[in-house]
Amino acid sequence: VQLQASGGGLVQAGGSLRLSCAASGRTFSSYGMSWFRQAPGKERDFVASITWSGYSTYYTDSVKGRFTISRDNAKNTVYLQMNSLKPEDAAVYYCAVHSNQGIPTIDQILYWGQGTLVTVSS
């Protein structure tokens, strides 16, 4: 099982990026999927999650209205559209698969992606 995250990079404050995470090795259409992020020297924090159907999404307060999580089960891929980026959004972003359908805790994560770096210049 592998989760391949991509789409990170350097962007100016106010800009946008779209992260992708493609799963291989098995299908995750019945699992919840999430994005977490970890800034240097800080813990890995929840950013957004989406239920297996895609009908329900959840966000941490600091990204509500700016980030959108979505998924394409046919492609076994989850996305994170990030708009109006701020310097405080800079981090390594990790995709994750979990069995629960709401906001997962770290302990509930079944698989992690390798991370993709997002840098936001002010």
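Residues numbered from 1 in each chain as written. Predicted model: local features only at pLDDT ≥ 70, side-chain atom pairs only at ≥ 80, totals over all residues. Heavy atoms only, no water.

In this structure, Q4 sits in strand β1 (residues 2-6). As a C-alpha pair, Q4 and S24 span 20 residues in sequence and 8.2 Å in three-dimensional space. With sequence-adjacent residues up to four places away left out, Q4 is seen in contact with S20, C21, A22 and Q114. Within the structure, the side chain of Q4 is placed 3.4 Å from the side chain of Q2, a separation counted as a polar contact. (Helix = DSSP H or I, 4+ residues; strand = E, 2+ residues; numbered from the N terminus. Contact = heavy atoms within 4.5 Å. Polar contact = N/O pair within 3.5 Å; in protein donor to acceptor, adjacent residues only side chain to side chain.)

This part is about the packing of aromatic side chains. For the structure shown, the criterion picks out 5 aromatic pairs. Aromatic pair F36 and F46: ring centres 5.8 Å apart, planes at 80°, arrangement edge-to-face. Of the two residues, F36 sits in strand β4 (residues 32-38) while F46 sits in strand β5 (residues 44-50), which places them 10 residues apart along the sequence. This pair shows no difference in class: F36 is buried, exactly as F46 is. Following the ring pairs from residue to residue traces out a cluster consisting of F36, F46, Y94 and W112. Seen from the ring of W112, R44 lies directly overhead, with NZ or CZ sitting 4.5 Å from the centre. (Phe/Tyr/Trp six-rings, centres within 6.5 Å; stacked < 30°, edge-to-face > 60°. Buried < 20%, exposed > 50% of the residue type's maximum accessible area, 1.4 Å probe, protein only. Lys NZ or Arg CZ within 6 Å of the ring centre and 35° of its normal.)

This next bit is on unusual backbone geometry. For N76, which is not glycine, the phi dihedral falls at a positive 55°. With respect to the helices and strands, N76 occurs in the loop between β7 (67-72) and β8 (77-82). Looking at N76, the relative accessible area reads 12%, which means it is buried. Even without being a glycine, S84 presents a positive backbone phi close to 50°. The topology assignment puts S84 in the loop between β8 and β9 (91-98).

Here the focus is the sheet that holds β7. Ordered by their spatial adjacency, 4 strands build an open sheet running β1-β3-β8-β7, and the pairing between neighbours is antiparallel. Each of the sheet's edge strands pairs with one partner strand only, and the pair in question is β1 and β7. Mean inter-strand twist for the sheet, computed between neighbouring axes without regard to direction, equals 15°. Pairing between strand β3 (residues 17-24) and β8: 6 bridges, direction antiparallel. Within the sheet, the bridge partner assigned to L17 lies in β8 and is M82. (Pairing = 2+ DSSP bridges. Axes fitted to C-alpha atoms, helices over the stretch in contact; angles between N-to-C directions.)

What follows covers the environment of L19. Looking at the element boundaries, L19 is found in strand β3. As a C-alpha pair, L19 and Q81 span 62 residues in sequence and 6.4 Å in three-dimensional space.

Attention now moves to the nonpolar core. In terms of nonpolar packing, the biggest core is built from 28 residues, with W35, L80, M82 and Y93 touching the most fellow members. Counting only elements with at least two residues in this core, the list comes to β1, β3, β4, β5, β7, β8, β9 and β11 (116-121). Each residue touching L80, except ones within four places of it in the same chain, is listed here: L17, R18, L19, W35, V47, A48, F67, T68, I69 and Y93. (Core = buried A, V, L, I, M, F, W, Y, C linked by side-chain atoms within 4.5 Å.)

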